[in-house]
Amino acid sequence: MTTPVVLDVNDLRVGFRQDGETTHAVRGVSFQIHKGETVALVGESGSGKSVTALSTVQLLGDSATMAGSITYEGTEMVGADDATLRRVRGNDISFIFQEPMTSLNPLHTIEKQLAESIELHQGLRGAKVRERIVQLLDRVGIRDAESRLGAYPHQLSGGQRQRVMIAMALANGPELLIADEPTTALDVTIQAQILDLLADLKRDEGMSMLFITHDLTIVRKIADRVCVMKSGEIVETGPTAEVFANPQHPYTQTLLAAESTGGPAPVPEDAPVILETDATRIWFPIQRGLLKRTVGHVQAVNEATLTIRAGETLGVVGESGSGKTTLALAVMRLISSEGRIVFQGTDIHGLNPRQMRPLRSEMQIVFQDPYGSLSPRMTVAEIIAEGLGVHGVDPGRDRRDMVSEVMTEVGLDPAWMDRYPHEFSGGQRQRIAIARAMILRPKLLILDEPTSALDMTVQVQIVHLLRELQQKYGLAYLFISHDLKVVRALSHKVMVMKQGDVVEAGDADVIFDAPQTEYTRALMAAAFEGKVA
């Protein structure tokens, strides 16, 4: 017996009007999702995956033009009235969005944001709402959930914020869950837990899913059917096992072949030490009461010791909230810490902002989110050149010439320098972020999840770019990532962190081939599908 169709998309066409012209984002897309089925949408950044998903409940904004048909359980959604959309949104169809920091209200606590949806759709009040919230947070893997209810989004790690978003989406038991890169910010072990959770919900409650991701390993694990998108069109569709075993379209073949392989160039024996830390500790005080007395500490990082030479990459891995980004911020002296931090022979621990300023141009950072880290009101040229003005670098050279040079270096056309970030794909925006750091010719580059938001083909390109820049300029990289395949392709050494502790550190080949601790072995097993290497 055929299961009923939950969502039926037929000949969907979506365009966006701007300055009298229409850009066509989705062209004639058709697919169905049956009850209890998971359909994956895969493809490069800008292929139309998220636009297709947002179209289902009319979340595209006034500049969008839509044609075709989308029916949810027989109800037409294209052109639906506000009452129909309100009934379906968040109740029957729920979303997990890609960027939790922009989806959560920074002024409200986690408890308030979860309670809002539960009270609106379920009619619960008081203690029952709080009980339901704790249950949801526990289920998505947030430790000691009750103590985190009063936290604001900025007080959580990227992975923890994503788990809150998943809890919000699951709060009302939706019939259809649309998950747009839901595991992007999660480490491999938590990612596996979330995928298991979604699989359990699908099985226990007959929930259907539209799953958008660039990680083909996840697609293989979770999807019943897959639709491959390119330039706004579905170029191939079919049962997941068949598409993976025998891809027909050249683009699908390219996607499946894309994987970061190989390793970095050897570090010269005489390479100088760029950065070293000795027993660096970062504890945040917990203050209570009217007088803000310190009643305890959040032990974010406990005695981390590391050394990075010119031309060398240290990969830092571990679960969300393990202290990876906190350690990086301490290294850059953006937060307080204890212990020695030596940059190019100078102990920078304890230096005040004025004393640090001359060193700032030589230590740069590329952030995880290529969407949120670029100002939407600045042109690419202004974004990339901004640091030159701040640090007074090369005032005698024409800045546009310098921008042109570095854009070429990172694989961007200099003719695009007067465009704005929204005119670029995710991979191109990450290249802009790298160019912004590289124009200052730093000695140390901190890369905080720089490939996590990128599809597989673009990931490979960025890994190659980072290797080339490192070899050309002798850059030292502190590379933070939960994608162990990318870490292996870039890193000379690896440091594994868990709950603020360094549980294992050493040469990358040794860590990957013969991990010594149970936690590291679990990470490797989750990343490499049950294999250590």
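See above for the structure.
Residues numbered from 1 in each chain as written. Predicted model: local features only at pLDDT ≥ 70, side-chain atom pairs only at ≥ 80, totals over all residues. Heavy atoms only, no water.

(A) Region of interest: the sheet that holds strand E9 (residues 225-230). Overall, mixed pairing links the six strands, which are arranged E6-E7-E8-E3-E9-E10 in an open sheet. One side of each edge strand has no neighbouring strand; the edge strands of this open sheet are strand E6 (93-96) and strand E10 (233-239). Shown here is a sheet whose adjacent strand axes are inclined to one another by a mean of 15°, direction ignored. Note that strand E3 (residues 38-43) and E9 share five bridges and pair parallel. (Pairing = 2+ DSSP bridges. Helix = DSSP H or I, 4+ residues; strand = E, 2+ residues; numbered from the N terminus. Axes fitted to C-alpha atoms, helices over the stretch in contact; angles between N-to-C directions.)

(B) Spotlight on the nonpolar core. Residues Ile 384, Ile 434 and Leu 484 are the most contacted members of the largest nonpolar core, which totals 54 residues. Among residues more than four places away in sequence, those in contact with Leu 484 are Val 188, Val 317, Phe 512, Leu 523, Met 524, Ala 527 and Phe 528. (Core = buried A, V, L, I, M, F, W, Y, C linked by side-chain atoms within 4.5 Å. Buried < 20%, exposed > 50% of the residue type's maximum accessible area, 1.4 Å probe, protein only. Contact = heavy atoms within 4.5 Å.)

(C) Molecular detail of the sheet that holds strand E1 (residues 5-18). Pairing in this open sheet of four strands is antiparallel, and the strands run E2-E1-E4-E5 from one edge to the other. Strands at the two margins of the open sheet, each flanked by one partner only, are strand E2 (21-34) and strand E5 (75-76). For strand E4 (residues 64-72) and E5, the ladder comprises two bridges, and the chain directions are antiparallel. In the strand pairing of E5, Thr 71 is matched with Glu 76.

(D) Molecular detail of empty space enclosed by the protein. If you walk through the whole model with that rule in mind, you get one cavity of 30 Å³ or more. Each pocket or cavity is described by its volume, and for the largest cavity that value is around 40 Å³. What lines the largest cavity is Val 42, Leu 216, Val 226, Val 228, Val 243, Phe 244, Thr 252, Leu 255 and Leu 256. Of all the secondary structure elements, the ones that give two or more residues to the lining of the largest cavity are E9, helix H9 (240-245) and helix H10 (250-257). Broken down by element, the lining of the largest cavity gets its largest block of residues, three residues, from H10. A class-by-class count of the residues in the lining of the largest cavity yields eight nonpolar, one polar and no charged. (1 Å grid on protein atoms, 1.4 Å probe; cavity = no way out; pocket = protein on both sides within 12 Å on 5 of 7 lines; lining within 4 Å. Points joined across faces, edges and corners; volume = space filled by probe spheres on them. Nonpolar A, V, L, I, M, F, W, Y, C, P; charged D, E, K, R; others polar.)

(E) Structural view of helix H11 (residues 324-331). Of all the eight residues making up H11, six are buried; the element is thus mostly covered by neighbouring parts of the structure. Looking only at H11, the buried set comprises Lys 324, Thr 326, Leu 327, Ala 328, Ala 330 and Val 331. A positive backbone phi angle near 60° is found at Arg 333, which sits one or two residues after H11.

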